[in-house]
Amino acid sequence: MQFEIGQKFFFDAAHTLDRDIETLGSRRIHGHTYWCEVALKGKPDAQTGMVLDLGQVRLEIESIKNQLDHHFLDEVAGLGAPTLENLCAFIWRDLLPKLPQLSKVRVWRDSIADSCTLTRDGA
Ligand SMILES: Nc1nc2c(c(=O)[nH]1)N=C([C@H](O)[C@H](O)COP(=O)(O)OP(=O)(O)OP(=O)(O)O)CN2
Ligand SMILES: [Zn+2]
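Position numbers for residues start from 1 in each chain and track the written sequence from start to end. Chain A is the first chain written and ligand 1 is the first ligand written, with later ones labelled in order. Selection of residues for local features in this predicted model requires a pLDDT of at least 70, selection of side-chain atom pairs for listing and counting requires 80 or more, and totals for whole chains, interfaces and linings are taken over all residues.

**Remarks on the confidence of the model for the protein chain**
Keep this limit in mind: For every residue, the pLDDT score states the predictor's confidence, bounded by 0 at the bottom and 100 at the top.
In this model, the protein chain carries an average pLDDT of 96, and 98% of its residues clear a pLDDT of 70 or more. Here the predicted complex scores 0.95 on pTM and 0.92 on ipTM.

See the structure below:
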């Protein structure tokens, strides 16, 4: 049996975005509340009954949240253009070495219901 455990967190951040449409508003510095969900897949350990202690997941989430919360995303090293896609990839790259069972990173903004989901190939 395969289990999926997960946690959700949010961060508030500012950005600009170069786009071919809706250009003016996107190029002005503005802020969003971004929500993120991370998931891990695996089998529970026979002794602990856990895929991984969710407290460990919380610790790692705190570290990535600190890199993004109340930051100007355009200036976050290694992020690239501050799109939902690049946020997913940035969070994925940060978490994967620490949480090898990582199976999904989803980033979305409730305000306009945009979302992006990154999963392992074939997952
Ligand atoms: N494939 C993608 N397309 C778009 C992305 C993206 O990350 N990936 N992002 C945007 C814009 O950031 C998004 O549409 C929001 O526009 P924005 O000007 O930032 O804010 P709004 O005023 O429209 O939304 P509020 O959250 O209500 O402020 C577009 N496409
Ligand atoms: Zn925006």
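**Concerning the site of ligand 1**
Rule in force here: We call a residue near a molecule or strand if the C-beta atom, set from the backbone, is within 6 Å of it. Counting from the N terminus, the helices are the DSSP runs of H or I reaching at least four residues and the strands are the DSSP runs of E reaching at least two. Any residue that is not Ala, Val, Leu, Ile, Met, Phe, Trp, Tyr, Cys, Pro, Asp, Glu, Lys or Arg is counted as polar, Gly included; the first ten are nonpolar and the last four charged.
Every residue near ligand 1 is listed here: Leu17, Gly25, Ser26, His30, His32, Thr83, Leu84, Glu85, Arg109, Ser111, Ile112 and Asp114. Elements represented by at least two residues in the shell around ligand 1 include exactly helix H1 (23–27), strand S2 (30–42) and helix H3 (84–95). Partitioning the shell around ligand 1 into residue classes produces three nonpolar, six polar and three charged.

**Some points on the sheet that holds strand S1 (residues 3–15)**
The condition that has to hold: Strand pairing is assigned whenever DSSP detects at least two bridges linking the two strands. To define axes, lines are fitted to C-alpha atoms, for helices over the stretch in contact only, and angles between the resulting N-to-C directions are given on a 0 to 180 degree scale. It is the C-beta atoms, placed from the backbone, that decide contacts: two residues are in contact if theirs lie within 7 Å.
The four strands lie next to each other as S1-S2-S3-S4, forming an open sheet whose pairing is antiparallel. Two strands bound the open sheet, and with one partner strand each, they are S1 and strand S4 (114–119). Pairs of neighbouring strands in the sheet enclose a mean axial angle of 15 degrees, with direction left out of account. With six bridges connecting them, strand S3 (residues 102–109) and S4 associate as antiparallel partners. Residue Val107 lies in a different strand from S4, and its bridge partner there is Cys116. In the packing of helix H2 (residues 54–68) onto the sheet, contacts are made with S1 and S2, and the angle to S1 comes to roughly 15 degrees.

**Quick notes on the UniProt feature "binding site: Zn(2+)" (unreviewed entry) in the protein chain**
How we decide: UniProt positions are given in the numbering used here, feature names are shortened, and annotations may be inferred rather than shown by experiment. To assign burial, the other C-beta atoms lying within 10 Å of each residue's own C-beta are counted, with C-beta atoms placed from the backbone; 20 or more indicates buried, 12 or fewer indicates exposed, and intermediate counts indicate partly exposed.
Here the UniProt feature "binding site: Zn(2+)" (unreviewed entry) sits at His15, His30 and His32. For the annotated residues, spread through 18 residues, the largest C-alpha to C-alpha distance comes to 8.2 Å, consistent with a single compact locus. By the element assignment, His15 lies in strand S1. His15 sits in the buried class, given 21 other C-beta atoms within 10 Å. Along the chain, His30 falls in strand S2.

**Thoughts on unusual backbone geometry**
One non-glycine residue, Glu22, lies in positive phi territory at about 45 degrees. You can see Glu22 is positioned in the loop between S1 and H1. Although it is not a glycine, His70 sits at a positive phi angle of roughly 60 degrees. Mapped onto the elements, His70 comes out in the loop between H2 and H3.

**Structural notes on the environment of Lys43**
Here Lys43 is to be found in the loop between S2 and H2. Residues Lys43 and Gln2, spaced 41 residues apart in sequence, show a C-alpha to C-alpha distance of 5.5 Å. Not counting residues within four places of it along the chain, the set of residues in contact with Lys43 comprises Met1, Gln2, Phe3 and Val51.

**Overview of the nonpolar core**
Put simply, the test is: Linking buried Ala, Val, Leu, Ile, Met, Phe, Trp, Tyr and Cys residues through C-beta atoms within 7 Å yields a set, and such a set is a nonpolar core.
Ranked by size, the top nonpolar core spans 17 residues in total, and within it Cys36, Val38, Leu87, Ile91, Val105 and Val107 carry the most contacts. No other element matches S2, which puts five residues into this core. Once residues within four sequence positions are removed from consideration, Val107 is found in contact with Tyr34, Cys36, Leu84, Leu87, Cys88, Ser115 and Cys116.

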